[in-house]
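Next come the chains, spelled out residue by residue.
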Amino acid sequence: MPQMLALAIMAFILFIGELISIRTKAWIPSIFVSGVLFLIGYWTFFPEDIVTIGGIPPVVATLLIYLLITNMGTLLSLDELKKQWRTILIALSGILGIVVFLLAIGTLLFDFQTVIVAIPPLVGGLVSALIMSEGATAAGLPTLAVFAIVIYVIQGFAGYPLTSVMLKREGRNLLQKYRNNELTDYAPLAAGTAEEKVQDEKPKLFAALPEKYNTDFFKFFRLALVGYAAYLVSTLAAPIVEISPYVLCLLFGVLARSIGFLERHPLQKANGFGFAIMALLLFIFDGLKTATPQMMLEILYPLIGCIIIGLVGMYIFSFIIGKILKVSKEMAFACSLTALYGFPADYIITVEVINALTQDEKEREMLTSRMLPPMLVAGFITVTIVSVILAGIFVGFL
């Protein structure tokens, strides 16, 4: 298949996903639609390496993950991270719910090794799935090795629509309160905000730099430099403690904006955000190439069972902790659900829902400030940090 044909087909699939999401006002998330279409494609006429043929090999995807996560860090402030302590506790409680319910109930329905292999990928991303898959292979369990990858690939199909429903309910409640002037802790845009936003567009350390020199390449240079710093610190710390460079990218992005080295959303300002998101989504869907119909039929029962049991445990635990912390059950469950897909799906679904709920810019800003930060933080806590730790522990039980 020619490269440009492969890219055109994949871009068209992403467009179809967006189109259906827009037409259904985000009730059917674009990622869900695109994932189903990719799965059908792999089962019919797609070459197995269509994503690589289209120009997105793993090395490019890794580059974009560094840039995107660092960029996401610039959307959060240190004060905002401090405010998200409730989100962190809720995300952890959701993971605890999955672990408790699967160990207590899942082991009654499936064998112990199946449950052990299922838990880390179910609460995390590709790294934890790969750890469990390799561990199962080493233990002479080839079916479970496939199961680890497939549960990672399929779990989002349950998470995407559920998250969309929860966020739409939360968004409607917030809009009603906002329109009735009941959001006492939210400050609407003031007259001087426009000037502040202009100042925010250029980082403090480069305030004296003429705008003509603040080019797209200069933005990419600074973004890459921060990403490299995250990688370097992770590598230097490795002999003492394992710290994911992606976690550090998020943290360094926050710090770089706070000290004025990066502006807010530099990747968008450098006209690279849309391509980066597209390429990373294609790489994520590349994981579907391993989920053949035969494999799906063989592991269908434990796959569906583990996901349902895990979701029930996640909802109950997040609901309880959310009640204690005075966070709505919708937002608490949505934050916990980020464990099923992480970044960039958490960002995309949240933005889709916000755009579907209102056309008013001030209302969108209010919803974004309320819903996006907890979703991003929850996604990084669950997928990037906790799932890898769990995989490192659980693989020892195989």
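Computed from a predicted model, the values in this text were never measured in an experiment.

Throughout the structure, instances matching the rule amount to five salt bridges. The partner of Asp286 in a salt bridge is Lys289, with the nearest N and O atoms 3.4 Å apart. The buried category is assigned to Asp286, whose relative accessible area is 10%. Relative accessible area serves as the criterion here: at 29%, Lys289 is assigned to the partly exposed category. The salt bridge partner of Lys329 is Glu330, with a shortest N-O separation of 3.5 Å. A residue is classified by how much of its surface remains accessible, and Lys329, at 39% relative accessible area, is partly exposed. For Glu330, a relative accessible area of 9% translates into the label buried.

For Thr114, the position within the fold is in helix α7 (residues 112-122). Of the residues examined, Thr114 reaches a relative accessible area of 6% and is grouped as buried. In contact with Thr114, not counting residues within four places along its chain, are Leu144, Phe147 and Pro302.

Right, let's talk about the UniProt feature "transmembrane region" (unreviewed entry) in the protein for a bit. Taking the UniProt record as the reference, the feature "transmembrane region" (unreviewed entry) is found at residues 31-47, 84-105, 112-132, 144-167, 220-237, 270-288, 300-321 and 372-397. Helix makes up 95% of residues 84-105 and strand 0%, whereas the separation of the span's terminal C-alpha atoms amounts to 31 Å. Annotation note: span residues 270-288, helix share 68%, strand share 0%, distance between end C-alpha atoms 31 Å.

Procedures and definitions
Residues numbered from 1 in each chain as written. Predicted model: local features only at pLDDT ≥ 70, side-chain atom pairs only at ≥ 80, totals over all residues. Heavy atoms only, no water. Salt bridge = Lys/Arg side-chain N within 4 Å of Asp/Glu carboxyl O. Buried < 20%, exposed > 50% of the residue type's maximum accessible area, 1.4 Å probe, protein only. Helix = DSSP H or I, 4+ residues; strand = E, 2+ residues; numbered from the N terminus. Contact = heavy atoms within 4.5 Å. UniProt positions renumbered as here; feature names shortened; annotations may be inferred.

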